[in-house]
Amino acid sequence: MFSSCNCPYDYSSVCKHEVAAYFELAEQLDGKTPPSATQWVEVTDDPFTEMFQTLSNEVLIEIVRDLTERDEVLKRRLLAVYSKGEGDV
């Protein structure tokens, strides 16, 4: 059996999405969950676009702040690309 996922998880050969799919498949094969009860979600090549579109500006800003606090290179890159002359680059 083979599976793959395009999520950013790279600590092992199988991510949580694949594990969840295997568990769902096992339950269906055991007859515990009828296939009609399964809700499938379409996975796109860009999982972030749909997710980000559901978030408020405040949440998106908080995400960027959190990431840039931990990554100085990202912080400087974002400031260089998107700054309007305000802030230290």
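Our structure's up above, just so we're on the same page.
In this text the structure is predicted, and so the values were computed from the model without any measurement. (Residues numbered from 1 in each chain as written. Predicted model: local features only at pLDDT ≥ 70, side-chain atom pairs only at ≥ 80, totals over all residues. Heavy atoms only, no water.)

S.K.: Quick question: what am I supposed to make of the overall build of the protein chain here?
M.R.: Broken down by element type, the protein chain carries four helices and zero strands. For the protein chain, the α and β elements follow one another from N to C terminus as α-α-α-α. Per-residue burial for the protein chain yields a buried fraction of 7% across its 89 residues. Expressed as a percentage of contacts within the protein chain between residues at least 6 apart in sequence, the contacts between residues at least 24 apart total 15%. Of the roughly 8200 Å² of accessible surface on the protein chain, a fraction of 56% belongs to carbon and sulfur atoms. (Helix = DSSP H or I, 4+ residues; strand = E, 2+ residues; numbered from the N terminus. Buried < 20%, exposed > 50% of the residue type's maximum accessible area, 1.4 Å probe, protein only. Contact = heavy atoms within 4.5 Å. Areas by Shrake-Rupley, 256 points an atom, 1.4 Å probe, with all protein chains shown as cover.)

S.K.: What exactly am I supposed to notice about the side chain of Thr 68 here?
M.R.: Mapped onto the elements of the fold, Thr 68 is located in helix H3 (residues 57-70). Thr 68 sits in the buried class, given a relative accessible area of 14%. Here Thr 68 is in contact with Leu 74, Lys 75 and Leu 78, once residues within four sequence places are set aside.

S.K.: Sorry, what's going on with the pattern of salt bridges here?
M.R.: Between side chains of opposite charge, a pair can form when the charged atoms approach closely. Taken as a whole and judged by the stated rule, the model has two salt bridges. Among the ionic pairs, Asp 66 bridges to Arg 70, the shortest N-O distance being 2.5 Å. Taken together, the residues span about one helical turn, with Asp 66 and Arg 70 both in helix H3 at a distance of four residues. With relative accessibility at 33%, the residue Asp 66 sits in the partly exposed group. (Salt bridge = Lys/Arg side-chain N within 4 Å of Asp/Glu carboxyl O.)

S.K.: I tried to follow the layout of surface pockets on my own but got confused; where do I start?
M.R.: The probe, sized like a water molecule, is rolled over the atoms to show the empty space still left. Each pocket or cavity is described by its volume, and for the second largest pocket that value is around 290 Å³. Only H3 and helix H4 (72-82) provide two or more residues apiece to the lining of the second largest pocket. Here the lining of the second largest pocket is composed, by residue class, of five nonpolar, two polar and two charged. (1 Å grid on protein atoms, 1.4 Å probe; cavity = no way out; pocket = protein on both sides within 12 Å on 5 of 7 lines; lining within 4 Å. Points joined across faces, edges and corners; volume = space filled by probe spheres on them. Nonpolar A, V, L, I, M, F, W, Y, C, P; charged D, E, K, R; others polar.)

S.K.: Can you help me understand the side chain of Glu 18 in this one?
M.R.: Counting through the fold element by element, Glu 18 comes out in helix H1 (residues 16-29). For the buried Glu 18, no salt bridge exists, and the shortest N-O distance to an oppositely charged side chain is 12 Å, to Lys 16. When sequence neighbours within four positions are dropped, the list of residues in contact with Glu 18 reads Ser 3, Ser 4, Cys 5 and Ser 13. (Lys, Arg positive; Asp, Glu negative; His and termini not counted.)

S.K.: Any chance you could explain the packing of H3 against H4 here in plain terms?
M.R.: Each packed pair of helices is defined by two parameters, the angle between the axes and the distance between the axes. Where H3 contacts H4, the axes come no closer than 5 Å and their chain directions differ by 125 degrees. In terms of axis orientation, H3 runs oblique to H4. Note on element contacts: H4 touches H3 through Glu 72, Leu 74, Lys 75 and Leu 78, opposite Val 64, Leu 67, Thr 68 and Arg 70. (Axes fitted to C-alpha atoms, helices over the stretch in contact; angles between N-to-C directions. Parallel < 35°, antiparallel > 145°, perpendicular 65-115°, else oblique.)

In short, geometric facts, not functional conclusions.
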